[in-house]
Amino acid sequence: MNNTVIKGEPLASSKKALIMIHGRGAAAQDILSIANYLNVDGFSLVAPQAPGNTWYPLSFLAKPTDNEPHLTNALNTISETVSYIENQGIGKENIYFLGFSQGACLTAEFTARNAAKYGGIVIFTGGVIGDKIYDENYTGNFDGTPVFIGTGDPDFHVPVERANDTAELFKTMGATVNVKVYDNIPHTIIQDEIEQANQLVFKN
């Protein structure tokens, strides 16, 4: 768990944990600041830090092999984070995920590869990773996990088609998905997305 920042409730006494995954060029502390606007009182906030502030070097729309070994290393980091939280006594049904941009793509890719009944998933401008959707990589069942996907149209980094295709993938894997497409918003997290995440995912 090197280079992981943990804030909020200590894991040893917490009943819920939120894994927060930062975007390209950002840092764990940046994504953690969003928690100030979320209904996550009592949560442990766990934010892994990417080496060099970047999870993988190329666009998420590149062939996955072109982003190796960084992509596998990033996915392993998230897997190790989940295992660490579980070892503290918090089950998957009480583990939540949130990511923005490159972090949202990593969130989508990891959870689709490891579908289970999680507490909830928030994808702020992102989608599963690759030049196409590799259905063979995605296994498990979300068993009703609430998912919110917010994205802009157009967005310089994330085509709205990939966000929508990711939503459909998650639905076929048993998630309860809400997608909201915003016209001509900047590549950032806007207030309405925060409100949607609170209403749909962080409901308690």
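Rules and cut-offs
- Residues numbered from 1 in each chain as written.
- Predicted model: local features only at pLDDT ≥ 70, side-chain atom pairs only at ≥ 80, totals over all residues.
- Heavy atoms only, no water.
- Helix = DSSP H or I, 4+ residues; strand = E, 2+ residues; numbered from the N terminus.
- Phe/Tyr/Trp six-rings, centres within 6.5 Å; stacked < 30°, edge-to-face > 60°.
- Buried < 20%, exposed > 50% of the residue type's maximum accessible area, 1.4 Å probe, protein only.
- Pairing = 2+ DSSP bridges.
- Axes fitted to C-alpha atoms, helices over the stretch in contact; angles between N-to-C directions.
- Salt bridge = Lys/Arg side-chain N within 4 Å of Asp/Glu carboxyl O.
- Right-handed = clockwise from strand over helix to strand, strands pointing away.
- 1 Å grid on protein atoms, 1.4 Å probe; cavity = no way out; pocket = protein on both sides within 12 Å on 5 of 7 lines; lining within 4 Å.
- Points joined across faces, edges and corners; volume = space filled by probe spheres on them.
- Nonpolar A, V, L, I, M, F, W, Y, C, P; charged D, E, K, R; others polar.

Caption draft 1: The arrangement of unusual backbone geometry in detail. Residue Pro69 is bonded to the preceding Glu68 through a cis peptide linkage, with omega at 5 degrees. By secondary structure assignment, the location of Pro69 is in the loop between β3 (43–48) and α2 (70–87). Between Asp153 and Pro154 the backbone carries a cis peptide bond, its omega angle lying at 0 degrees. In this model, Asn184 sits at a positive phi of 55 degrees, which is unusual for a non-glycine residue.

Caption draft 2: Local environment of the packing of aromatic side chains. Taken as a whole and judged by the stated rule, the model has 7 aromatic pairs. When the centroid spacing of 4.9 Å and the interplanar angle of 80 degrees are considered together, the rings of Phe97 and Tyr118 count as edge-to-face. With a gap of 21 residues between them, Phe97 in strand β4 (residues 95–100) and Tyr118 in the loop between α3 (102–113) and β5 (120–124) connect regions that are remote in the sequence. Given a relative accessible area of 3%, Tyr118 falls into the buried group. Centre to centre, the rings of Phe124 and Phe148 are 6.4 Å apart; their planes meet at 75 degrees, and the pair counts as edge-to-face. Residue Phe124 is located in strand β5, and its partner Phe148 is located in strand β6 (residues 146–153); the two are separated by 24 residues in the primary sequence. Summarising the burial analysis for this pair, Phe124 and Phe148 share the class buried. In textbook terms, an aromatic cluster arises when at least three aromatic residues are bridged by ring pairs, as seen for Phe43, Tyr96 and Phe202.

Caption draft 3: Quick peek at the sheet that holds β3. As summarised here, the arrangement of the 7 strands in space is β1-β3-β2-β4-β5-β6-β7, forming an open sheet in which the pairing is mixed. With one partner strand each, in any of the chains shown, β1 (4–8) and β7 (176–183) form the two edges of the open sheet. Recorded for the sheet is a direction-independent mean angle of 15 degrees between the axes of neighbouring strands. Note: β4 against β5, 5 bridges, orientation parallel. Paired with Leu98 across the strands is Val122, a residue of β5.

Caption draft 4: Examining the pattern of salt bridges more closely. Counted by the stated rule, this structure contains 4 salt bridges. The partner of Lys171 in a salt bridge is Glu168, and the shortest N-O contact between them spans 3.4 Å. Pair noted here: Lys171 and Glu168 are both in helix α4 (residues 160–172), with a separation of 3 residues, about one helical turn. Notably, a salt bridge pairs Lys180 with Asp192, separated by 2.8 Å at the nearest N-O pair. Here Lys180 is found in strand β7, whereas its partner Asp192 is found in helix α5 (residues 191–200), with 12 residues between them in sequence.

Caption draft 5: Structural view of the pairing of β4. Summarising burial for β4: 6 of the 6 residues are buried, a large majority. Along β4, one buried face is formed by Ile95, Phe97 and Gly99 and the opposite face, lined by Tyr96, Leu98 and Phe100, is buried too. For strand β2 (residues 16–21) and β4, the ladder comprises 5 bridges, and the chain directions are parallel. The residue of β4 that forms the bridge with Met20 is Leu98. Viewed along the sheet, the connection from β4 through α3 into β5 turns out right-handed.

Caption draft 6: Structural detail: the layout of surface pockets. A volume near 240 Å³ is recorded for the largest pocket. In terms of lining residues, the largest pocket is bounded by 15 residues, among which Gln49, Pro51, Trp55, Asn73 and Thr77 are the most central. Considering every element that reaches the lining of the largest pocket, the biggest residue donor is α2, with 6 residues. In terms of residue class, the lining of the largest pocket is made up of 5 nonpolar, 9 polar and 1 charged. The calculated volume of the second largest pocket comes to roughly 210 Å³.

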